[in-house]
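Secondary and tertiary structure notes
Below, each chain spelled out in residue letters.
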Amino acid sequence: MLKCPECSSEEIEIKDVEGSKCIICKKCSYNEAKQLEVFPEDNKSQKEKGRYNVYKTGGHGRTN
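Residues numbered from 1 in each chain as written. Predicted model: local features only at pLDDT ≥ 70, side-chain atom pairs only at ≥ 80, totals over all residues. Heavy atoms only, no water.

Helices and strands together make up the secondary structure of the protein, namely one helix and two strands. Overall, the protein shows an N-to-C arrangement of helices and strands of β-β-α. Burial analysis of the protein (64 residues in total) assigns 12% to the buried set. Partitioning the intrachain contacts of the protein with sequence separation of at least 6 by distance along the chain shows that 7% fall at a separation of at least 24. Per element, the accessible surface of the protein, about 5,800 Å² overall, is 46% carbon and sulfur. (Helix = DSSP H or I, 4+ residues; strand = E, 2+ residues; numbered from the N terminus. Buried < 20%, exposed > 50% of the residue type's maximum accessible area, 1.4 Å probe, protein only. Contact = heavy atoms within 4.5 Å. Areas by Shrake-Rupley, 256 points an atom, 1.4 Å probe, with all protein chains shown as cover.)

The next thing to look at is the pairing of strand β1 (residues 12-17). Note that β1 and strand β2 (residues 20-25) share six bridges and pair antiparallel. Each residue of the ladder has a partner; that of I12, found in β2, is C25. From the end of β1 to the start of β2, which pair antiparallel, there are two residues, and E18 there has a positive phi angle of about 50 degrees. (Pairing = 2+ DSSP bridges.)

Here we take up the nonpolar core. C4, I12, I23, C25 and Y30 together form the largest nonpolar core, which totals five residues. Residues in contact with I12, not counting those within four places in the same chain, are L2, K3, C4, I23, I24, C25 and K26. (Core = buried A, V, L, I, M, F, W, Y, C linked by side-chain atoms within 4.5 Å.)

Across all of its chains, the model carries one salt bridge by this definition. Residue E13 pairs with K15 through a salt bridge whose shortest N-O separation is 3.9 Å. What makes E13 partly exposed here is its relative accessible area of 32%. (Salt bridge = Lys/Arg side-chain N within 4 Å of Asp/Glu carboxyl O.)

Let us look at unusual backbone geometry. For S8, which is not a glycine, the phi torsion comes out positive at approximately 60 degrees. Note on placement: S8 falls in the segment before β1. We classify S8 as partly exposed; its relative accessible area is 49%. Positive phi is not limited to glycine here, since S29 has a value of about 65 degrees. By the element assignment, S29 lies in the loop between β2 and α1 (46-51). For S29, a relative accessible area of 57% translates into the label exposed.

Encoded structure:
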């Protein structure tokens, strides 16, 4: 019997997502399909990434 990798519960559902069998736990809401996402939705925009670029920082905050 398959178990949830997070909580070891046997109360799981197996779904076919994009040709892969994924475990969805009914107890802890673990969803294996989220690990298969190629483009996760929580990526930051290029504009936000530019704010943290040390080479764009002037003065004493600039590093070599």
